[in-house]
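# Working through the structure, step by step
Listed here are the chains, written in short residue letters.
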Amino acid sequence: MRVSTRGASTSDLPFLVEVDRHLSPDRLADLVSAGRVMVVEVDGDVVGLLRWGLFWDQVPFMNLLWVLPDWRGQGVGTALVEAWERSQLAAGHDLVLTSTMSDERSQHLYRRLGYVDSGALFLPDEPAELILRKQLG
């Protein structure tokens, strides 16, 4: 199994639009153009994505990590997060953030990768949204 990561390109848009239903196709295209989406491939096939933005216009914030169900638990998401962290460190950032709902399994992945709990957001009729941070470098 050969796992590789890269910045998403316009040729990835059909996959991104299919799996990321949070944003419109036009918005996804804008984020790809801005360099705010990465993909992970296994043996040349795209199997996941990481989408990010900037919290307070300066701190990288991982908005979405998504891997095809058949590839979860095999290190693919870890490879994608670690590649993103390296890219943020290379861009001069020493802190990254993410969040996850308290009922999602991804919180365990983030903690295993060194993210620490930094608070929570409580919205009506929703599980708590856990805020996590990681110091890089």
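In this convention, every chain numbers its residues from 1, walking through the sequence in written order. Per-residue local features are limited, in this predicted model, to residues with pLDDT of at least 70; the limit for side-chain atom pairs, both in listing and counting, is 80 or more; totals at the level of whole chains, interfaces and linings are taken over all residues. Hydrogens and water molecules were not included; the side-chain quantities draw on all heavy atoms of the structure.

## Things to note about the nonpolar core
For clarity, the threshold we go by: To form a nonpolar core, buried Ala, Val, Leu, Ile, Met, Phe, Trp, Tyr and Cys residues must be joined to one another through side-chain atoms within 4.5 Å. Per-residue accessibility, obtained with a 1.4 Å probe over protein chains only, is compared with the maximum for each type, and a residue is labelled buried under 20%, exposed over 50%, and partly exposed between these values. Comment: elements are numbered from the N terminus, with helices defined as DSSP H or I runs of at least four residues and strands as E runs of at least two.
Counting residues in each nonpolar core, the largest one holds 22 residues, and the members touching the most others are Leu 50, Met 62, Leu 65, Val 81, Trp 84 and Tyr 115. Where this core is concerned, the elements lending two or more residues are strand 2 (37-42), strand 3 (45-55), strand 4 (59-67), helix 3 (76-90), helix 4 (106-112) and strand 7 (129-135). Counting residues in hydrophobic clusters, the runner-up holds 13 residues, among them Ala 8, Leu 13, Val 37 and Leu 49.

## Quick word on the sheet that holds strand 5 (residues 95-101)
As a reminder of what qualifies: Paired strands, as defined in this entry, are two strands with at least two bridges between them according to DSSP. An axis is simply a line fitted to the C-alpha atoms; with a helix, the fit covers only the stretch in contact. Between two such axes, the angle follows the N-to-C directions and lies from 0 to 180 degrees. Between two residues, a contact is recorded if the distance between any of their heavy atoms is within 4.5 Å.
Taken together, 7 strands build an open sheet; the order of strands is 1-2-3-4-5-7-6 and the sheet is mixed. Here the strands that pair on one side only, and so sit at the sheet edges, are strand 1 (3-7) and strand 6 (116-121). Across the sheet, the mean angle separating the axes of adjacent strands is 30° when strand polarity is ignored. Looking at chain direction, strand 3 and strand 4 are connected through 8 bridges and run antiparallel. Bridge pairing links Leu 54 to Pro 60 in strand 4. Sheet contacts for helix 3: strand 1, strand 2, strand 3, strand 4, strand 5 and strand 7; angle to strand 4, the most-contacted strand, approximately 160°.

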